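Analysis of the macromolecular model
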Amino acid sequence: MDPSPSASEQSPSASYSNDNDGERNPTFEHIPKCFYEHIPEAHTTAVLQYGGKEWFMRINVGERRWLKEGWKSFVMKNDIKRGCLVKFELVEIAQILVVFKVEVKGQGTHEDPVEIN
């Protein structure tokens, strides 16, 4: 009998601090490279599970992959500010989309809010 893969092999995760340091654009979010090998290029939709809701957004696929068309709304409606720690966990790869469980920790900073145009 083959041993089953560990939970960490089945569900890769990555965290980042939402510092908006000049490279980060608040209208999209780069997907951490550790997920690339798990997400087929044909998948162009992501679902973020957060706060008891599901947030649908587009994935741009190419040399770098990022969440767009929906990321800005997710950030604004969930009051995610500069300095918050955001953790993504890949929980499912369905036929046409990928599902991430998202955790947000910290209050961020109110003195220097993220500006989204």
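As shown above, the structure is provided for reference.
All residue numbers refer to positions counted from 1 along the written sequence of the respective chain. With the structure being a predicted model, the display of local features is reserved for residues of pLDDT at least 70 and the display and counting of side-chain atom pairs for 80 or more, all residues being used for whole-chain, interface and lining totals. Excluded from the side-chain calculations are hydrogens and water; all other atoms, namely the structure's heavy atoms, are used.

Once that is clear, we can look at the overall build of the protein. Runs of H or I in DSSP of at least four residues are treated as helices and runs of E of at least two as strands, each being numbered from the N terminus. Assigned secondary structure in the protein consists of two helices and seven strands. When the helices and strands of the protein are listed from N to C terminus, the series reads α-β-β-β-β-β-α-β-β. The cut-offs for exposure are 20% and 50% of the maximum accessible area for each residue type, with area from a 1.4 Å probe on protein chains only; residues under the lower value are buried, those over the upper are exposed, and the others partly exposed. With 117 residues in all, the protein has 33% of them scored as buried. Split by element, the accessible area of the protein, about 7,300 Å² in all, is 47% carbon and sulfur. Only the protein chains shown count as cover for residues, and the accessible areas themselves come from Shrake-Rupley with a 1.4 Å probe.

Our next topic: the side chain of asparagine 78. In this fold, asparagine 78 is placed in the loop between α2 (71–77) and β6 (85–93). Reaching out from asparagine 78, the side chain makes a polar contact with the backbone oxygen of phenylalanine 74 at a distance of 2.9 Å. Throughout, a contact is declared for two residues whenever any of their heavy atoms are within 4.5 Å. The contacts of asparagine 78, once residues within four sequence positions are left out, are Tyr50 and Trp55. Two N or O atoms form a polar contact when they lie within 3.5 Å of each other; inside protein one atom must be a possible hydrogen donor and the other a possible acceptor, and for residues adjacent in sequence the pair counts only when both atoms belong to side chains.

Here the focus is unusual backbone geometry. Even without glycine at this site, glutamate 69 takes up a positive phi of about 35°. The residue glutamate 69 is located in the loop between β5 (66–68) and α2 in this model. The phi torsion at aspartate 79 lies on the positive side, around 55°, for a residue other than glycine. In this fold, aspartate 79 is placed in the loop between α2 and β6. Assessed through its relative accessible area of 47%, aspartate 79 is described here as partly exposed.

Once that is clear, we can look at the pairing of β6. Two strands make a pair as long as DSSP finds a minimum of two bridges between them. Bridging between β6 and strand β7 (residues 97–105) involves eight bridges; their strand directions are antiparallel. Along β7, the bridge assignment pairs lysine 87 with glutamate 103. Hairpin geometry of β6 and β7 is characterised by an intervening segment of three residues between the two adjacent antiparallel strands.

A few words on the pairing of strand β3 (residues 45–50). Sheet topology places β3 next to strand β4 (residues 53–60); six bridges connect them, and they run antiparallel. Each bridged residue has a counterpart across the sheet, and for tyrosine 50 the counterpart in β4 is lysine 53. Of the pairings in the sheet, the one linking β3 to β7 comprises five bridges and is parallel in character. Looking at β7, one finds that alanine 46 is bridged to valine 98.

Another point: the pattern of salt bridges. Should the charged atoms of two oppositely charged side chains come close, the side chains can pair. Within this document, salt bridges are pairs made up of a side-chain nitrogen of Lys or Arg and a carboxyl oxygen of Asp or Glu, the two lying within 4 Å of each other. A complete count under the given rule lists three salt bridges for this structure. Close ionic contact of glutamate 103 with lysine 105 constitutes a salt bridge, the shortest N to O distance being 4.0 Å. By relative accessible area, which is 28% here, glutamate 103 ends up partly exposed.

Just distances and angles here, no functional claims.
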